Amino acid sequence: MTSDHWIAADWGTTNLRLWAMRGAEVVHQRASARGMGGLNRTEFAQVLADETADWAEWTGAAIVACGMVGSRQGWHEAPYAKAPTLAQTPLANVPGTRVWITCGVSQDNPADVMRGEETQIAGLLAARADFEGVVCLPGTHTKWAHISAGEICSFQSFMTGEVFELLAGKSVLRHTVASSCATEEEAFDAAVNDALAQPHRAYGRLFQLRAGALIGDLSPETARSTLSGLLIGWELAGAKPYWLGQEVALIGAPALAALYARALRHQGVQVSEADAEAATLAGLHRAWKRIGETA
């Protein structure tokens, strides 16, 4: 191993992504379904050894990880840094290993937590050190974070992605909503506008999706786009104190981030989009450089 060899890991609840790094360069990468949620604490080291066994040049290299691997149910609990805090949070070493885990961020009032997103924010700031505004990270539990002077000042989580999956896959709407499809922009835009303008009235539109399919000609594709628009519209209504009058930087999966970008731009918001993997790696690289002298 040379001094510029290290391994980056994004270890979430359901998946593990690994990159063999040479400085800031990705040399090898792989993904695994061996996420934190399916492991007990004694299994993490072996999973890591198995997944990196053929990366001989990286034997003994430092490993920097982010995500739920640092949760109370993960390999080793990395304590939360309390907001307001620098986006580049402290690192927690897994005892007896060369593995370091980035600490998440907590907030007392209102109570909230994040794990992994802080690393992506740090990666964004590595490229845009002077960024002042709001970062939105769409996903299962979307995060909105106010950033100033390199700090996460405050943030708020919305369960939009999880609620969408529950409604589309577990509720009566599972008979109505397409399992996947290209977004019908007109239906999506109309639903976002309804949810933003009159959230209380738009709430009644959920069952109308089922009724529209039963006694009307509502297609599964239109139903899915409408459901997506309603939920994102409600989220934007709740997150309005974050995005109103601010630049919003989006970090997320391209298809989902594009929906948020579309909804925000229709409200006159200045939006920029960052690649989620690139932000993760940049944040982990910044963390690695802090332990480089001892790695």
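The name given to the protein in an unreviewed UniProt entry is 2-keto-3-deoxy-galactonokinase, with the source organism recorded as Falsirhodobacter algicola.

S.K.: So what exactly am I meant to see when it comes to the pattern of salt bridges here?
M.R.: For side chains bearing opposite charge, pairing can occur when the charged atoms are close. Applying the stated rule across the entire model yields twelve salt bridges. The residue Arg-262 makes a salt bridge to Glu-185 at a minimum N-O spacing of 3.5 Å. In this pair, Arg-262 is assigned in helix α9 (residues 254-265) and Glu-185 in helix α4 (residues 185-197), connecting sequence segments 77 residues apart. A relative accessible area of 25% places Arg-262 in the partly exposed class. A salt bridge links Glu-273 to Arg-265; the shortest N-O distance between them is 3.6 Å. By relative accessible area, Glu-273 is classed as partly exposed at 47%. Of the residues examined, Arg-265 reaches a relative accessible area of 43% and is grouped as partly exposed. A cluster of three or more residues bridged by salt bridges with shared partners is formed by Asp-10, Arg-17 and Glu-277.

S.K.: What am I meant to see in the layout of surface pockets here?
M.R.: Rolled over the atoms, a probe sized like a water molecule indicates the empty space that remains. Volume-wise, the second largest pocket comes out at about 240 Å³. Looking at the second largest pocket, it is lined by 16 residues, and the ones nearest its centre are Thr-52, Trp-58, Gly-60, Ala-61 and Ile-63. For the lining of the second largest pocket, the element with the most residues is helix α1 (residues 44-51), which contributes three residues. Class assignment of the residues belonging to the lining of the second largest pocket gives a composition of eleven nonpolar, four polar and one charged.

About the cut-offs
Residues numbered from 1 in each chain as written. Predicted model: local features only at pLDDT ≥ 70, side-chain atom pairs only at ≥ 80, totals over all residues. Heavy atoms only, no water. Salt bridge = Lys/Arg side-chain N within 4 Å of Asp/Glu carboxyl O. Helix = DSSP H or I, 4+ residues; strand = E, 2+ residues; numbered from the N terminus. Buried < 20%, exposed > 50% of the residue type's maximum accessible area, 1.4 Å probe, protein only. 1 Å grid on protein atoms, 1.4 Å probe; cavity = no way out; pocket = protein on both sides within 12 Å on 5 of 7 lines; lining within 4 Å. Points joined across faces, edges and corners; volume = space filled by probe spheres on them. Nonpolar A, V, L, I, M, F, W, Y, C, P; charged D, E, K, R; others polar.

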